[in-house]
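Letter by letter, the chains look like this.
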Amino acid sequence: LQAGRVSRGHRFHHDQAVSLAQPQDYVEALRAAFVLVDPSERRARIVAEVETAAGKAGGSARITEDNLEQVVNLVEWPSAVLCSFERAFLAVPQEALIETMEINQKFFPVLDDSGTLTEKFIGIANIESKDVAEVAKGYE
C-alpha cells in the first residue's frame, strides 16, 4: 500500500473521500467527516453523553475503565442511546445483569442513588441516528 493524502470519513455520515493538504489537517478534517480520531476526545464525549443520559434516567452511570476503554475503541462517532429492560428482570442478581451488560454488550448500566441497578442502561451507537428509538429497540 502506498500512503497518500486521501482518507475516508464515517461510512454513513460522510461517504466522500477526505483530501488532506497537510498532515496537521488530519484531525480536524476527519472530525468534519464525523470521525473522532483522537481517542481522548472520543473518551470525553462518551463519558459526557453517558452521564447526561443517566441523569435523564434519574440515576448515575456505572462507567468502568475496562468497559470504557473497549467502547472508546469500537466507535468513531459515539452517540449515547438510553434504553431499558423489563423491571421483572431486576429479580436476577444485579451482578449477573451488570456482567452481561458490560462484558457481552458493552453497555453502561444505570444505578440509583443507593448504587442499585435500575432497568435503564446506555448503549453507544456509532452513528447519530434519525430514529434513536429504533436503535434503542435493537439494543433492548
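All figures in this text were calculated on a predicted structure; none of them were measured in a lab. (Residues numbered from 1 in each chain as written. Predicted model: local features only at pLDDT ≥ 70, side-chain atom pairs only at ≥ 80, totals over all residues. Heavy atoms only, no water.)

Draft legend 1. Main features of unusual backbone geometry. Even without being glycine, Phe 34 reaches a positive phi, approximately 65°. Position of Phe 34 among the secondary structure elements: in the loop between helix H1 (26-32) and helix H2 (39-56). If you check the backbone angles, Lys 106 has positive phi at about 65° while not being a glycine. With respect to the helices, strands and loops of the structure, Lys 106 is situated in the loop between helix H4 (94-105) and strand S5 (108-111). (Helix = DSSP H or I, 4+ residues; strand = E, 2+ residues; numbered from the N terminus.)

Draft legend 2. Structural context of the pattern of salt bridges. Tallied over the full model, the rule gives nine salt bridges. One network of salt bridges, in which partners are shared, links Glu 28, Arg 31 and Glu 41. (Salt bridge = Lys/Arg side-chain N within 4 Å of Asp/Glu carboxyl O.)

Draft legend 3. Structural detail: the nonpolar core. Ranked by size, the top nonpolar core spans 13 residues in total, and within it Val 81, Cys 83, Phe 85, Leu 97, Met 101, Leu 117 and Phe 121 carry the most contacts. Taken together, the elements giving at least two residues each to this core come down to strand S4 (79-84), H4, strand S6 (117-125) and helix H5 (132-139). Those residues in contact with Phe 85 that lie beyond four places of it in its chain are Leu 90, Leu 97, Met 101, Leu 117, Thr 118, Glu 119 and Phe 121. Counting residues in each nonpolar core, the second largest holds twelve residues, with Val 50, Val 71, Val 75 and Phe 108 among its members. (Core = buried A, V, L, I, M, F, W, Y, C linked by side-chain atoms within 4.5 Å. Buried < 20%, exposed > 50% of the residue type's maximum accessible area, 1.4 Å probe, protein only. Contact = heavy atoms within 4.5 Å.)

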